[in-house]
Amino acid sequence: MPARVRDEARAAALAGLIAAVARRRRLGIAAGVTAFVGVTLAAAWMGGFDPVRLAAGLPRLGEFLGLLVPPLRIATLGEDIAAWYWGLGRWLVLLGDTLLMALLATTLGTLAGAALSIPAAANLTSGAIAYWTSRRALEFARAVPDLVFAIVFVFAFGLGPLPGVLAIAVHTAGAQGKLFAEANENIDMRPLEGLRAAGASPREEVVYGVLPQVLPNWLSFTLWRFEVNVRSATIIGFVGAGGIGLELYEALRLSYYDDAGAILVIVALTVFAIDWVSEVARGRIVQGARP
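Here the residue numbers are simple positions, counted from 1 along each chain's written sequence. Restriction of local features to residues with pLDDT of at least 70 applies here, the model being predicted, together with a cutoff of 80 or more for giving and counting side-chain atom pairs; totals for whole chains, interfaces and linings are based on all residues. Neither water nor hydrogens contribute to the side-chain values; these are computed over all heavy atoms in the structure.

On to the overall build of the chain, then. Elements are defined by DSSP. Helices are runs of H or I of four residues or more, strands are runs of E of two residues or more, and each kind is numbered from the N terminus. In terms of helices and strands, the chain carries eleven helices and zero strands. Values of the radius of gyration come from C-alpha atoms, whereas the globule rule sets the reference at 2.2 Å times the count of residues to the power 0.38. Radius of gyration (C-alpha) of the chain: 28 Å, far over the 19 Å computed for a compact globule of 291 residues. Taken along its principal axes, the extent of the C-alpha atoms in the chain is 100 × 65 × 40 Å. Per-residue burial for the chain yields a buried fraction of 32% across its 291 residues. Residues are treated as being in contact if the distance between any of their heavy atoms lies within 4.5 Å. Partitioning the contacts of the chain with sequence separation of at least 6, the portion at a separation of at least 24 is 72%. Each residue is assigned to one of three classes by its accessible area relative to the maximum for its type, calculated with a 1.4 Å probe on protein chains only: buried under 20%, partly exposed between the two thresholds, exposed over 50%.

Among the structural elements, T106 can be located in helix α4 (residues 88–117). If we ignore the near neighbours within four places in the chain, the residues touching T106 are T172, T222, R225, F226 and N229.

Our focus in this paragraph is the packing of aromatic side chains. The pairing test for Phe, Tyr and Trp rings, Trp by its six-membered ring, is centres within 6.5 Å, and the orientation test on the planes gives stacked under 30 degrees, edge-to-face over 60, and tilted for anything in between. Under the counting rule described, the total for this entry stands at nine aromatic pairs. Both rings, one in W86 and one in W91, keep their centres 5.7 Å apart while their planes meet at 70°; by these two values the pair is edge-to-face. By relative accessible area, W86 is classed as exposed at 57%. W91 gets classed as buried once you look at its relative accessible area, which sits at 1%. Ring centres of F180 and W218 lie 4.5 Å apart, and the angle between their planes is 15°; on these two criteria the pair is classed as stacked. Separated by 38 residues along the polypeptide, F180 in helix α7 (residues 161–185) and W218 in helix α9 (residues 202–236) bring together distant segments of the chain.

Multiplying 1.5 Å by the helix residue count minus one yields the expected span of that helix. Over its twelve residues, helix α6 (residues 146–157) runs 16 Å from end to end, which matches the ideal 16 Å to within 8%, given 1.5 Å per residue. Listed as buried for α6 are D146, F149, A150, F153 and V154. When α6 is viewed along its axis, its buried side chains cluster within an angular range of 135° and face the same direction. Contacts made by the buried residues of α6 are with α5 (128–143), α7 and α9. Looking one or two residues past α6, G158 carries a phi angle of roughly 90°, positive in sign. Arc definition: it is the arc formed by the directions from the helix axis to the C-beta atoms.

The term salt bridge refers to a pairing of a side-chain nitrogen on Lys or Arg with a carboxyl oxygen on Asp or Glu at a separation within 4 Å. Per the counting criterion, the structure on display carries nine salt bridges. Here E139 ties to R136 by a salt bridge, and the two come within 2.6 Å at their closest N and O atoms. With E139 and R136 both in helix α5 and three residues apart, the pair spans about one turn of that helix. Here E139 falls in the partly exposed class, since its relative accessible area comes to 32%.

It is worth spelling out α5 at this point. In this model, α5 (16 residues) spans 22 Å end to end at C-alpha, consistent with the 22 Å of a helix rising 1.5 Å per residue. Taken as a whole, α5 has its buried residues at S134, R135, L138 and A141. Down the axis of α5, the smallest arc covering the buried residues is 130°, so these residues share one side. Residues of α5 that are exposed and point more than 90 degrees away from the buried face comprise A128, I129, W132, F140 and A143. If you follow the buried residues of α5, they end up packed against α4, α6 and α7.

Another point: the packing of α5 against α7. Note on definitions: angles span 0 to 180 degrees between N-to-C directions of axes, and those axes are lines fitted to C-alpha atoms, for helices only across the stretch in contact. As a packed pair, α5 and α7 sit with axes 6 Å apart at the nearest point and diverge in direction by 135°. By the angle between their axes, α5 is oblique relative to α7. Between α5 and α7 the crossing geometry is left-handed. Across from Y131, R135, L138, A141 and R142 in α5, the residues of α7 making contact are V170, H171, A173, G174, A175, G177, K178, A181 and E185. The cut-offs work like this: below 35 degrees is roughly parallel, past 145 is roughly antiparallel, 65 to 115 is roughly perpendicular, and the gaps in between are oblique. When the near helix sits turned anticlockwise from the far one by under a right angle, the crossing is termed left-handed; a clockwise turn instead gives a right-handed crossing.

Looking now at the nonpolar core. Nonpolar cores are built from buried Ala, Val, Leu, Ile, Met, Phe, Trp, Tyr and Cys residues. Side-chain atoms within 4.5 Å join them into one set. Counting 32 residues, the largest nonpolar core has Y85, W91, A167, V230, I236, I244 and I263 as the members making the most contacts within it. Secondary structure elements with two or more residues in this core: α4, α6, α7, α9, α10 (244–253) and α11 (257–289). It is α11 that contributes the most residues to this core, seven residues altogether. Excluding its chain neighbours within four sequence positions, the residues that come into contact with A167 are D146, F149, A150, F153 and I236. Counting eleven residues, the second largest nonpolar core, distinct from the first, contains I118, A121, L192 and V210.

Looking now at a nonpolar patch on the surface. Each patch is assembled from residues with relative accessible area greater than 30% and no salt bridge, linking like charges that lie within 9 Å and nonpolar side chains (Val, Leu, Ile, Met, Phe, Trp, Tyr) that lie within 5 Å. Accessible surface area values rest on a Shrake-Rupley calculation with a 1.4 Å probe, where residue burial reflects the displayed protein chains alone. Taken together, the side chains of L58, L61, F64, L65, L67 and L252 present a nonpolar region at the surface, about 520 Å² in accessible area. When residues in the nonpolar patch are grouped by element, the largest group, five residues, is from helix α2 (residues 51–67). For L67, a relative accessible area of 40% translates into the label partly exposed.

In C-alpha cells:
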C-alpha cells in the first residue's frame, strides 16, 4: 500500500476516533443536564414550589413587611423614629451580648477545628485511625444544625448565653476543621521534609512547617465564620439561648411588630458593618500573603 494511502487511512481513523470521543462527550453532557433538570423538578415538586401560590402570597409578604415599620411622617420624623426605637438602649446591650456570644463561639470552635484539622489532613495525619476518627468527628459537628445543638444544650444547662455559645462553637469546629484540613492538604511538603530530616518534633513541624503556609487562609476563614456566627447567634436566641434573638422572638410572638422591625434593622446594620470590616481585613490578609 502506498504511503499516501496509509496516511489518508490513518487520518480518517483518527478523525473517526475524535468524532466518537466528541459524540460520547456530548451524550454525557446531555445526560448530566437531563439528570440535573429532572432532580431539580423533583425538588420543586417536593418543596411545593407553585408559581400561582407564590403570586398569591406576595401581597401578604408586603403586608407583613409593612407591619414591621410604623407610620413615619416627614413633619414628625424625629419623634416617630424616637418612638419606634424606644428600647434602643436595651437592644444595644442585647446586641452586644450576641456579638460576644459569636466571638467566643468563633474562638472556641476555631481552636477545636484547628486542632482536629491536623489529623484530618491526609498529608499530616499520624495514621488511618486518627484520620478516620477526626474526619467523622468534624462531619458530625457540622452535619447537625446548630439550632438542634442549642436545644440540647438548653435542656442540659438551662436558658442563657452558654447553650448558644456551645452550640455555635460545636458547629464552627466542624466547619472550620474541614476548611483548615483542606488548606493543610495543599501545602508544600518540602519544608516539612527538611524539618523531619533535621529531627524536628511533630509540634515543631506544625509550628514551623505548616502554620506559616496556612495561617493567611485560616485567618480569612475565621473572619468569614465570625460573620456567619453573628447571624447564627441571633437565630439561636429563638430557643432561649440568650442575646438579641430572644428579644426578637418575644416581639414576634407577642405581635409587637414595630419592635421586631426595629430590632431587625439594628441586626442588619450590624451585619453589614461586620461584613464590610471583614471583607477589608480578608483583602489585606490575602494581599499580605502574596509574594
